[in-house]
Amino acid sequence: MSILTRNRGAMLLLMLNIFLAFMGIGLVVPVLPKFISELGMNGSSMGLMVAAFALTQLLLSPSSGKWSDRYGRKKLIVSGMIVFMLSELVFGLASSVPILFVARIMGGVGAALLTPSIMAYVADVTSFEERGKGMGMINAAINTGFIIGPGIGGLLATHGIRIPFFAAAGAAGIAAILSWLVLPESLGKEKQQYNRELPRQSENLFQQFAKSYRSPYFMGLLIVFVVAFGLANFETVFGLFVDHKYGFTPMDIAIIITTGSILGAVVQATIFGWIINRFGEKKVIHCCLAVGGLFIFLTLFAEQYVMIMLTTFIIFLAMDILRPAVSTSLSRQAGDEQGFVAGMNSSYTSLGNVIGPLIAGLLFDVHINMPYMVAAVALLVCLVLSLRYKQAGEPRSTARAAEQRRG
């Protein structure tokens, strides 16, 4: 039976949920300028509002992952979609800047509840060999949401600046109902009960990061952070970079980013599973780190439109293969801690998404090439560290995981 239709189409429902969530994030892009003029926002307010989403997701994701281990994936997924629906509704009704911040923080809560649980769900319902294909499909849905979101937002905004958010809220509500009625729980009640009964100490975010540092999968989480940081550096100033340096138009920029993202989504949805099974996660991760770092650096010397497009396509493709490859590697090493590891995966991504844009903006003001130089160096240094790091090869057993928790 196909991975898409197994378990009452669970994978299709998961892809729909994550697609709608990230499409909703993208909806904001074309309408933000009008919101700025309507509500009197400045650049600093906008930057803080964007960071508020990622910061909220960062703070909540580790706990969310652990909750999914204790209480099941389905409850967290449905709850995440409901919170996301409310965040879009509040954003559409907002009449002041503080309300917009509330809406984005709610969006961060929804993403924190949703993403780790979906990643853990995929790990629950796929075999060791299918894991890469499953993670690739989820990441393809994420990328497609990002790609389509701004376009749908711009189209719906012709009927009213707030219409896109109401449409996203309605779609999220329908997805939440479908998930509640159709999606089967992937984590058995006995396993949930076992996870709840394990002796646990209350851990704050810093303790959870410290625990992840001591874990055998830390290098994978470090790569997650570096990829998010490097890609945020690249994407945050890309429009400014090509506008200042080469005079690209908004249409040029849109074509390059959209086409590169579509290419990555197609690869993730089609041949990513084969790539992982053929070459293994470690080789794919190392190759993508090398290619991503090298081509970000080469962007500084590409002057013609075709060369800029080519280097950007290759960077997006490398990153779009790298992220699900790391997620697959982490899930295979997580053993009985799928929820916790998926939560930390989301947290390290959010940390990169918070720090990356802030650093990129500061570096761009120093020199136009600095953000890309730092992003390239970060990826290549991560490659060297990964090559020297002895990763855990097999998932840990239940007994071993329980012993580590007690310790």
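Numbers given for residues are sequential positions, taken from 1 along each chain in its written order. Given that this is a predicted model, residues contribute local features only at a pLDDT of at least 70 and side-chain atom pairs are listed and counted only at 80 or more, while totals for whole chains, interfaces and linings are drawn from all residues. Each side-chain value is worked out from all heavy atoms of the structure, with water and hydrogens disregarded.

Here a helix means four or more residues in a row that DSSP labels H or I, a strand means two or more in a row labelled E, and each is numbered from the N terminus. Each helix and strand counted, the protein has 17 helices and zero strands in total. When accessible area is computed with a 1.4 Å probe and restricted to protein chains, residues below 20% of their type maximum are described as buried, those above 50% as exposed, and intermediate ones as partly exposed. Within the protein, the proportion of its 407 residues that are buried is 55%. Here, two residues are considered to be in contact whenever any of their heavy atoms come within 4.5 Å of each other. Once local pairs closer than 6 in sequence are excluded, the contacts in the protein between residues at least 24 apart make up 87%. Here the accessible surface of atoms and residues is derived via Shrake-Rupley with a 1.4 Å probe, and residues count as covered only by protein chains that are part of the display. As displayed, the protein has an accessible area near 17300 Å², and 68% of this comes from carbon and sulfur atoms.

The subject of this paragraph is the packing of helix H3 (residues 73-93) against helix H6 (residues 163-182). Two elements in contact, H3 and H6, have axes separated by 8 Å at closest approach and are oriented at 165°. In terms of orientation, H3 lies roughly antiparallel with respect to H6. The handedness of the crossing between H3 and H6 is left-handed. The segment H3 lies against H6, with Lys74, Val78, Met81, Ile82, Phe84, Met85, Glu88, Leu89, Phe91, Gly92 and Leu93 engaging Phe165, Phe166, Ala168, Ala169, Ala172, Gly173, Ala175, Ala176, Ser179 and Trp180. Charged residues are taken to be Asp, Glu, Lys and Arg, nonpolar residues to be Ala, Val, Leu, Ile, Met, Phe, Trp, Tyr, Cys and Pro, and polar residues to be all remaining types, Gly included. Classifying every residue of the contact of H3 with H6 gives 16 nonpolar, three polar and two charged. Axis definition: a line fit to C-alpha positions, over the contact stretch in the case of helices; interaxial angles, taken between N-to-C directions, run 0 to 180 degrees. Oblique is the label for any angle not covered by the other classes, which are roughly parallel (under 35 degrees), roughly antiparallel (over 145) and roughly perpendicular (65 to 115). Handedness of a helix crossing follows the sense of rotation of the near helix relative to the far helix, less than a right angle counterclockwise being left-handed and clockwise being right-handed.

As a further point, take the side chain of serine 64. Inspection of the secondary structure puts serine 64 in helix H2 (residues 43-71). With a relative accessible area of 0%, serine 64 lands in the buried category. Not counting chain neighbours up to four residues away, the residues in contact with serine 64 comprise Leu76, Ala112, Leu113, Pro116 and Ser117.

This paragraph deals with the nonpolar core. Counting residues in hydrophobic clusters, the biggest one holds 58 residues, and the most contacted among them are Ile223, Leu289, Ile296, Ile308, Met319, Leu322 and Tyr348. Aside from chain neighbours lying at most four places away, what touches isoleucine 296 is Phe234, Ile315, Tyr372, Ala375, Ala376 and Leu379. Membership of the second largest hydrophobic core comes to 34 residues, among which are Met11, Met15, Ala141 and Ala172. By nonpolar core is meant a set of buried Ala, Val, Leu, Ile, Met, Phe, Trp, Tyr and Cys residues that side-chain atoms within 4.5 Å join together.

Topologically, aspartate 320 is positioned in helix H14 (residues 305-333). Along the primary structure aspartate 320 and asparagine 143 are separated by 177 residues, whereas in three dimensions their C-alpha atoms are 8.3 Å apart.

Moving on, we come to the packing of aromatic side chains. Side-chain rings of Phe, Tyr and Trp (the six-membered ring for Trp) are treated as a pair once their centres are within 6.5 Å; stacked means planes under 30 degrees apart, edge-to-face means over 60, and tilted covers the remaining angles. Using the criterion set out here, one finds six aromatic pairs in the structure. Relative to phenylalanine 301, the ring of phenylalanine 297 lies with its centre 5.3 Å away and its plane at 65°, an arrangement referred to as edge-to-face. On the basis of relative accessibility, which here comes to 37%, the residue phenylalanine 297 falls in the partly exposed class. Criterion for a charge above a ring: Arg CZ or Lys NZ at most 6 Å from the ring centre, at most 35 degrees from the ring normal. Above the face of the phenylalanine 279 ring, arginine 278 is positioned so that its terminal group lies 5.0 Å from the ring centre.

Within the secondary structure, glycine 220 is located in helix H9 (residues 218-236). Under the relative-accessibility criterion, glycine 220 is labelled buried at 12%. Taking the C-alpha atoms as reference points, glycine 220 and asparagine 345, 125 residues apart in sequence, are found 8.6 Å from one another. Other than its neighbours up to four places away in sequence, glycine 220 contacts Val326 and Leu330.

Turning to the packing of helix H8 (residues 205-213) against helix H15 (residues 338-366), a few remarks are in order. Remark: H8 packs on H15, axes separated minimally by 11 Å, with the N-to-C direction vectors making an angle of 105°. Considered as vectors, H8 and H15 are oriented roughly perpendicular to each other. Contacts between H8 and H15 involve Gln208, Phe209, Lys211 and Ser212 from the first element and Phe340, Met344, Ser347, Tyr348 and Leu351 from the second. A per-class count over the contact of H8 with H15 returns five nonpolar, three polar and one charged.

Predictor confidence is given residue by residue as pLDDT, running from a minimum of 0 to a maximum of 100. For the protein, per-residue confidence averages 78 on the pLDDT scale, and 83% of positions sit at 70 or higher. Averaged pLDDT values over the elements of the protein bottom out at 40 in helix H17 (residues 398-406) and peak at 92 in H3. A low-confidence stretch, residues 391-407 stays under pLDDT 50, and its non-local contacts, those more than four residues away or across chains, total 34 contacts.

Here we come to helix H4 (residues 97-125). Relative to the 42 Å expected for 29 residues at 1.5 Å per residue, H4 spans 42 Å between its end C-alpha atoms, a close match to the ideal helical length. H4 sits mainly inside the fold: 21 of its 29 residues count as buried. Any helix carries an expected span of 1.5 Å times its number of residues minus one.

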